[in-house]
Amino acid sequence: MTENSSGGRWRIPLLVGRLALAAIFLFAAYAKLKPQTDVPWSIASIRTSLSMFAMQVDSFQLLPETAVNAVAHLLPPFELLLGIWLLSGIALRYSALVTTILLGGFFAVVVRSYMAGLEINCGCFGPGQKLGPWKIVEDGLMLAVAIAVTIGAFVIHRHRGERAVSVESVSPQSADS
Amino acid sequence: MIQRMRSSRGPSGLVVVTVAILIGGIALRGTNRKGSRLPASPLMTGSVLAQSPATSAPAAAKTASSASATPKQTRARTSTEPAPPPVKVVGSKNAPITFEVFSDYQCPSCRNLYEQTLRPMMNDYVAAGKVYIVHRDFPLPIAAHTHAYEAARWANAAARIGKFEEVDATLYDNQSAWSADGNIEKFVAGSMGNADFKRLEKVMAGACMNDPGPVVGPVRFGNQGCALDAYIEQDKNLGRQVPVQATPTFVIYYKGQKYPAASGFITWPVLKQFLDSLLSQ
């Protein structure tokens, strides 16, 4: 039996891409949740950090107040969970797909805000990161990696399925034999 | 077969690894550039915040003139009596939160921030002694803001006679009108009584005509320099340390801690939520 290398050659790049995306999301969550000044971690400091992130979301002038608060308070924990999910490698097709959709949304918002001339802080990795051309390039690269990982995950899954079918078809335990 | 696999993996793997490292590096670079470890600002200490521009005006004038004057623009300064400093603040300096805002009077976002966010904050949290607002001028040297510097001069002159709040409000409320023709004086006059306006006119005349001082502000924004420019340049120098890259930019201080600067327009409810989270710590 010869091994089909078309799925195999995706494995290492897929692993690297998955780990890179996981690291990015874990870091993004940490940067939004951590105390923004020299105060110790506490519920109050996390609440302050999330309120600060809410100001950055608000500055995009896209959402009403209730939606701003929902995004600001739900996005960081969601990024944390997504990072852990990517790190685990479990159901990679779906975690990569969710990642791609999320990064696609971020990319669209960043491009739209930049084209609208908003001179604001992105807030993507904590406060202080200015929205500008480099931010668009950065987000574009992350989106490209996410798309590649998603495609790779689906290709590998299909490759595994084909291998399972080919193994069954040549198995001496087949019903007809 | 193994050799074929290795050779088919190598190029694509290298590309993805390189891209992943690049992304990680860019992401970390973007965060490490700024963040909670901001350089200490001279505004951190209460003593500096309470420092009146008058005590630093000679130094500011020297700094401003050395920072931005060119040999062509510098003129000899005539001797003057020390003038009271412009105090561009709103509220009690004993308030736990200080809200320092860098703005340009001809900037539409600054106007929106003032009217939709700062005004309700003044009526609520400033009046209650929770927030102390410090206004810093940061007129942008762009073609669309030709009257911004002059507007800042009027605000600084008004601050000298204790009428800063009135002029601050009228400049934003009537921004569209005076931006069109540069007739700022009309609106400033309308924001106060005749007696106060006469005092203000004397301040402007004394600062900008009888005692023009070194030309540190843009000459094209007025027909000559003005002694009030020293305070505007002082504010701009403070802004460059933040750094202010757009207006409005605001910095919040609470219990000696400086929070990262934020730019752009935000609504009052969202800002209030942040202030409440600070006050509850």
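Keep in mind the model is a prediction, meaning the values are calculated, not measured.

### Brief notes about the pattern of salt bridges
Residues and elements named next belong to chain B.
- Counted under the stated rule, the structure contains 15 salt bridges over all chains.
- For R153, the salt bridge is made with D229, and the minimal N-O distance between the two is 2.7 Å. Of this pair, R153 sits in helix α5 (residues 148–160) while D229 sits in helix α10 (residues 229–241), and the two are 76 residues apart along the sequence. Comparing R153 with D229, the two get one shared label, buried.
- Residues participating in the shared-partner salt-bridge network are K88, E100, R136, D137 and D235.

### Focus: the nonpolar core
- Judged by nonpolar contacts, the single largest core of 89 residues is most densely connected at B:F99, B:M121, B:I252 and B:L275.
- Apart from residues no more than four positions distant in its own chain, B:F99 is found in contact with B:L118, B:M121, B:V131, B:Y132, B:I133, B:V134, B:F250, B:V251, B:I252 and B:L271.

### Re the packing of aromatic side chains
All names here are of chain B.
- Under the criterion given, the structure shown has eight aromatic pairs over all chains.
- The interplanar angle of 20° and the centroid separation of 5.0 Å between the aromatic rings of F99 and F250 together place this pair among those described as stacked. Here F250 lies in strand β4 (residues 249–254) and F99 lies in strand β2 (residues 97–103), a separation of 151 residues in the sequence.
- The exposure class assigned to F250 is buried, which follows from its relative accessible area of 2%.
- For the ring pair Y114 and Y172, a centre distance of 4.8 Å and an interplane angle of 25° mean the geometry is stacked. One end of the pair, Y114, is in helix α4 (residues 108–126); the other, Y172, is in helix α6 (residues 164–173), with 58 residues separating them in the sequence. Here Y114 matches Y172 in class, with each residue buried.
- Over the aromatic face of Y125 sits the side chain of K130, whose NZ or CZ is 4.3 Å from the ring centroid.

Rules behind the numbers
- Residues numbered from 1 in each chain as written.
- Chains lettered and ligands numbered in written order.
- Predicted model: local features only at pLDDT ≥ 70, side-chain atom pairs only at ≥ 80, totals over all residues.
- Heavy atoms only, no water.
- Salt bridge = Lys/Arg side-chain N within 4 Å of Asp/Glu carboxyl O.
- Helix = DSSP H or I, 4+ residues; strand = E, 2+ residues; numbered from the N terminus.
- Buried < 20%, exposed > 50% of the residue type's maximum accessible area, 1.4 Å probe, protein only.
- Core = buried A, V, L, I, M, F, W, Y, C linked by side-chain atoms within 4.5 Å.
- Contact = heavy atoms within 4.5 Å.
- Phe/Tyr/Trp six-rings, centres within 6.5 Å; stacked < 30°, edge-to-face > 60°.
- Lys NZ or Arg CZ within 6 Å of the ring centre and 35° of its normal.

So, to be careful, I would describe these as geometric facts and stop short of saying anything about function.
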